[in-house]
Amino acid sequence: MLILGLETSCDETAAAVVRDGREVLSSAVATQNELHAEYSGVVPEIASRAHVERILPVIRSAVELAGVKLAEVDAVAVGHRPGLIGSLLIGVSAAKALAWSLARPLVAVDHVHAHLYAGVLGRAEQPGFPALGLVVSGGHTSLYSVRGWTGLERLGATIDDALGEAYDKAATILGIPYPGGPGLDRLAQAQGANDRAYDLPISRLGPGSLDFSFSGLKTAVLYAVRGVPDGPDGYARDHSALTAQAKADVAASFQRTVCRTVILKLERAMDRLAGEGRPVASLLTGGGVTANSRLRTELGAFARARGLQLFLPPMGYCVDNAAMIAGLAHHLAREGRFADLTLEPMPTTAC
Ligand code: KG4
Ligand code: ZN
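Residues numbered from 1 in each chain as written. Chains lettered and ligands numbered in written order. Predicted model: local features only at pLDDT ≥ 70, side-chain atom pairs only at ≥ 80, totals over all residues. Heavy atoms only, no water.

A. The arrangement of the coordination of the zinc ion (ligand 2) in detail. The protein atoms that coordinate the zinc ion (ligand 2) are His111 (NE2), His115 (NE2) and Asp320 (OD), at distances spanning 2.0 to 2.1 Å. Here the zinc ion (ligand 2) binds four donor atoms, and the angle range of 97 to 134° at the metal identifies the geometry as tetrahedral. Counting the intervening residues between successive donors of the zinc ion (ligand 2) yields the motif H-x3-H-x204-D. Of this pair, His115 sits in helix H4 (residues 111-117) while Asp320 is found in the loop between strand S10 (309-311) and helix H10 (323-334), placing the two residues 205 residues apart along the sequence. As far as burial versus exposure is concerned, His115 and Asp320 are alike and both buried. (Donors = N, O, S within 2.8 Å, 3.2 Å for Na, K, Ca; no water. Tetrahedral: all angles 85-135°; square planar, octahedral: opposite > 155°, others 65-115°. Helix = DSSP H or I, 4+ residues; strand = E, 2+ residues; numbered from the N terminus. Buried < 20%, exposed > 50% of the residue type's maximum accessible area, 1.4 Å probe, protein only.)

B. Geometry of the packing of helix H6 (residues 181-188) against helix H8 (residues 244-275). At a closest axis distance of 8 Å, the pairing of H6 and H8 adopts a crossing angle of 110°. Here H6 is positioned roughly perpendicular relative to H8, judged by the angle of their axes. Each of Leu184, Asp185, Leu187 and Ala188 in H6 lies in contact with H8, whose residues at this interface are Lys247, Ala248, Ala251, Ala252, Phe254 and Gln255. Partitioned by chemical class, the residues of the contact of H6 with H8 number seven nonpolar, one polar and two charged. (Axes fitted to C-alpha atoms, helices over the stretch in contact; angles between N-to-C directions. Parallel < 35°, antiparallel > 145°, perpendicular 65-115°, else oblique. Contact = heavy atoms within 4.5 Å. Nonpolar A, V, L, I, M, F, W, Y, C, P; charged D, E, K, R; others polar.)

C. Highlighting the site of ligand 1. With respect to spatial proximity, 20 residues lie near ligand 1, and among them Gly138, Gly139, Asp168, Gly288 and Asp320 are the closest. In the environment of ligand 1, an oxygen atom lies 2.8 Å from a nitrogen or oxygen atom belonging to the backbone of Gly139. Elements with a minimum of two residues in the shell around ligand 1: H4, helix H5 (163-173) and H6. Of the residues in the shell around ligand 1, the class split is six nonpolar, ten polar and four charged. When residues are assigned to domains, the shell around ligand 1 turns out to be shared by domain 1 (2-120 + 316-334) and domain 2 (131-312), each giving three or more. (Near = heavy atom within 4 Å. Polar contact = N/O pair within 3.5 Å; in protein donor to acceptor, adjacent residues only side chain to side chain. Domains from an automatic or database assignment.)

Next comes the structure, spelled out in C-alpha cells:
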C-alpha cells in the first residue's frame, strides 16, 4: 500500500510517500525556523500562513522524489492532532481535497503517536509488543504503554514544559539562537565541558510518578546564568558575563540532568508495568529531542541493560516529518480506520 502523508502541526511543512508502512520513498520537509527565530518561539499566525505558501510545492516535491504519480497513491494520511489549530487546518484541508479529488481513502493520524513510529521507518524488524513508548519533542513529553500500533495508553506526561521547550528556553538563556536544542547539545559536547559543575534539580514528582516537570530546571538554569534576581532591578548579569567554559559547563550539566530524569522515569515505568504483569519487550522513542547526542547514548545503554529492543529514529526522522505519519497510517488503514471529509483538526492528542 502506497500512502501519501502530510504534516503541518507546528512549523514544519512536510509530505512523504511511504510503501507498506516501512519503505520511505520520499520525505520532504520545509522548516520555518528562519521565520520564527527573531521571536525565540513559533508564532502561530506566521506558521499557518507559511504552511499555505509551502504545502503544494512540498507535496509536489515529495511525489516527484518518490518517482510515483499521484494517481498511484492508495490513501492520503494527515496529522490532524495535536498542534496549532491554524497550522493543522492547512494540512487537513489539503489532505481532504486530495483524497476527494483522487477518490482515495483519508487516514487521520495522531502526531504524537506517529513520533513513536519514526524509529521503525526503514528497519526490517518489527518491535515486540507490548512496548514502552517515550516521546520527547518540542510540544510533548510523554510515556506510553504500547500494546500495538493502534492500542496506546498514556502512562504520564509533562505537567509544564515539554523537554524540547526546556532545551530551547535554556538555550535562549545561554544566548544560543532559536531553536536552541541542537546548539545547546553541541555546546554541552565542547572539550572540557564539566557536566557536574552545576547541581541542577531532577524533578521526580513524588514516588512512582511517571509525569515530568522541567520548569524548575529551567529556573535553575536562569539563576545559574544570571544570578538570583536582587530586587526591582532584576538580574545582576546575563549570559555575556559568563566565560565560554562556564557556558559549556551549564549546558553539559543541563544535559546530564535531563538525561538522568528521562532514564529515571523509564526505569519507573518498566518497574510499574512489570509489577502489573505486563513486562515490555521493546522501547519505542521519538520526537525532536531523540536527536540529542547524549540522550541517544543513554537510551542505548538503558535498552542494553534492560534487554530491550530499542527503536531510535534515524536523525532525519526525529523532528517533525510526514514519513512517520504515512508509516503509522498504514497500520490504521489495515484495520479499516479511515476518516471522512468531515475530519477536523484537534488541538490535543487523543491520549
Ligand atoms: O518533534 P519536534 O520537531 O517538534 C514537536 O513535535 O514539538 O521537536 C522539536 C524540538 C525543538 O525543541 C528542538 O530544540 C529539539 O526538538 N531538538 C533537540 C535537538 N534537536 C532538536 N533538543 C536537544 N538536542 C538536540 N540535538
Ligand atoms: Zn512533533
